[in-house]
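Coordinates in review
Listed below are the residues making up each chain.
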Amino acid sequence: MVRVQLAELLQFTEACLTQAGASAEVAKAMAHSLVQGDLLGFRTHGVRRLPYNVKQLQAGRMKGSGEPQILRRRAAIETWDAESLSGLYVAPLAVQRAMSMARTAGTGTVVVKRCEHVASLAAYLQQATDQGLLITMMAATPAQASVAPHGARSPVFSPNPYGMGVPTRGAPILLDMSFSMTAAGKVRQAYDRNERLPWPAIVSGSGEITDNPADYIDGNGAILPLGGADLGYKGYGLCLMSEIFTLGLSNYGRLQGAHDGEMNTLYVQVTDPEAFGTRDDFLAVTDDLLNRCRKAAAIDPSEPVRIPGERALALAEEQQRTGVLLDELTWPRLQHLAKKLGMEIPTV
């Protein structure tokens with residue numbers, strides 16, 4: 001792995017996107033979203049995806065400027081059509097709008113269809129938690145089928161990430177997970193490294209449960225839903241819920257978006273705890289809950305119970321000081337991209 005100073009990485013990422021056709025405003029937001037993924041440790045959804053975004057902009061499959069179109073609006077609900085704008089740009093806008101509605105109505109929900117890949121949901125959660133607001137996010141990809149329903153050996157769903165951010169008196173709770181056993185990017189990463197997955201997360205085309213990523217990448221297998229072979233009915237139910245709240249509410253399902261590549265549908269809901277009770281009482285409940293989790297007797301005393309987001313926030317703080325870590329899969333891609341665009345690569 002190599003380290004690159006945060007400011008240099010942001011500048012390089014923004015410059016690449018601008019040269020590829022993004023406006024200054026769009027490029028800046030996209031760069032921040034990608035680098036934020038790396039800061040929090042979501043390396044498969046950080047600047048490793050920069051070459052993809054550059055390619056989409058250059059090919060005209062991603063709009064480099066413009067605003068989402070508002071299709072429907074009520075007091076605390078809006079439906080947007082991003083019209084192929086980057087999710088890296090649109091997602092922060094959707095969070096901001098949901099926050100504005102929540103301050104007025106107590107809650108705000110924005111559903112966005114046809115935005116290019118949003119990358120890591122964790123990158124957007126602190127927008128809300130920094131303002132004392134609670135946020136949930138879900139995303140799905142109508143053209144992607146990689147996750148099998150429980151009991152099946154062929155895919156139907158996308159991995160369908162879920163994000164949650166909760167303000168506390170200290171560091172926020174930040175949760176970013178998929179409703180499948182693992183994200184497709186993690187399977188690709190293991191395949192590229194010629195490694196096995198840490199658990200059996202794949203069902204092969206013949207119905208065998210395996211930890212071999214090649215059964216998914218090269219074969220006709222699928223990723224198991226959360227819970228795996230035995231308890232995957234739970235993840236199956238969550239995948240259904242996620243796609244109904246994203247694809248269903250946006251009216252942009254697998255029939256409508258079957259040929260739209262990595263276009264995502266995004267569900268964002270922000271809630272103001274003060275609409276339900278007092279802020280102090282809400283924080284007292286969350287802080288007490290977290291304290292009880294921390295004090296729970298650990299199975300291994302050297303591995304105490306952690307709070308979701310604790311490790312990610314510590315990693316982000318460390319990388320802001322010492323430089324952003326780029327692994328052996330990401331750094332060569334950035335070097336190749338820099339050469340292709342005639343850009344100067346950041347200093348290691």
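Anyway, here's the lowdown on the structure attached to this text. (Residues numbered from 1 in each chain as written. Predicted model: local features only at pLDDT ≥ 70, side-chain atom pairs only at ≥ 80, totals over all residues. Heavy atoms only, no water.)

**Focus on the sheet that holds strand S3 (residues 77-81)**
Taken together, 7 strands build an open sheet; the order of strands is S2-S3-S4-S11-S5-S6-S7 and the sheet is mixed. On the outer flanks of this sheet lie strand S2 (69-74) and strand S7 (173-178), each paired with one strand and no other. Geometrically, the sheet is characterised by an average inter-axis angle of 10° between neighbouring strands, direction not taken into account. As paired elements, strand S5 (residues 134-140) and strand S6 (residues 161-166) share 4 bridges and run antiparallel to each other. Note that in S6 the partner of isoleucine 135 across the bridge is glycine 165. (Pairing = 2+ DSSP bridges. Helix = DSSP H or I, 4+ residues; strand = E, 2+ residues; numbered from the N terminus. Axes fitted to C-alpha atoms, helices over the stretch in contact; angles between N-to-C directions.)

**Topic: the sheet that holds strand S10 (residues 222-223)**
Here we have 3 strands laid out as an open sheet, ordered S9-S8-S10, and antiparallel in their pairing. Taken across any chain shown, the strands that pair with only one partner, and hence form the sheet edges, are strand S9 (209-210) and S10. Relative to S10, strand S8 (residues 202-203) is paired through 2 bridges, and the arrangement is antiparallel. Looking at the pairing, valine 203 lines up with alanine 222 of S10.

**Points about helix H10 (residues 310-322)**
With 13 residues, H10 should reach 18 Å at 1.5 Å per residue; the first-to-last C-alpha distance of 19 Å fits that figure. Of all the positions in H10, only Ala312, Leu313, Ala316 and Gln319 are classed as buried. With its buried residues spanning 130° around the axis, H10 presents them on a single face. Projecting away from the buried face of H10 at angles above 90 degrees are the exposed residues Arg311 and Arg321. Here the buried face of H10 lies against strand S1 (2-4), helix H2 (24-39), helix H5 (122-129), S7 and strand S12 (324-326). (Expected span 1.5 Å × (residues − 1). Buried < 20%, exposed > 50% of the residue type's maximum accessible area, 1.4 Å probe, protein only. Arc of directions from axis to C-beta. Contact = heavy atoms within 4.5 Å.)

**Observations regarding the packing of aromatic side chains**
Summed over the entire model, instances satisfying the criterion amount to 3 aromatic pairs. A centroid spacing of 5.7 Å and a plane angle of 25° characterise the contact between tyrosine 162 and phenylalanine 179, whose relative ring orientation is stacked. Pair noted here: tyrosine 162 is in strand S6 and phenylalanine 179 is in the loop between S7 and helix H6 (184-192), with a separation of 17 residues, a long-range link. Look at tyrosine 162 and you get buried, because its relative accessible area is 17%. Each ring, one from phenylalanine 245 and one from tyrosine 267, has its centre 5.4 Å from the other, and the planes form 85°; the classification is edge-to-face. Residue phenylalanine 245 is found in helix H8 (residues 228-250), and its partner tyrosine 267 is found in strand S11 (residues 264-271); the two are separated by 22 residues along the sequence. The cationic tip of arginine 49 hangs over the ring face of tyrosine 52; the distance from NZ or CZ to the ring centre is 4.9 Å. (Phe/Tyr/Trp six-rings, centres within 6.5 Å; stacked < 30°, edge-to-face > 60°. Lys NZ or Arg CZ within 6 Å of the ring centre and 35° of its normal.)

**Some words on the pattern of salt bridges**
Taken as a whole and judged by the stated rule, the model has 17 salt bridges. Residues glutamate 318 and arginine 3 are paired through a salt bridge, measuring 3.0 Å at the closest nitrogen-oxygen approach. Residue glutamate 318 is located in helix H10, and its partner arginine 3 is located in strand S1; the two are separated by 315 residues in the primary sequence. Salt-bridge contacts for glutamate 328 lead to arginine 193; the nearest nitrogen and oxygen are separated by 2.6 Å. In this pair, glutamate 328 sits in the loop between S12 and helix H11 (331-341) while arginine 193 sits in the loop between H6 and S8, placing the two residues 135 residues apart along the sequence. With relative accessibility at 43%, the residue glutamate 328 sits in the partly exposed group. Counted as one network, the salt bridges with shared partners bring together Arg48, Arg193, Asp327 and Glu328. (Salt bridge = Lys/Arg side-chain N within 4 Å of Asp/Glu carboxyl O.)

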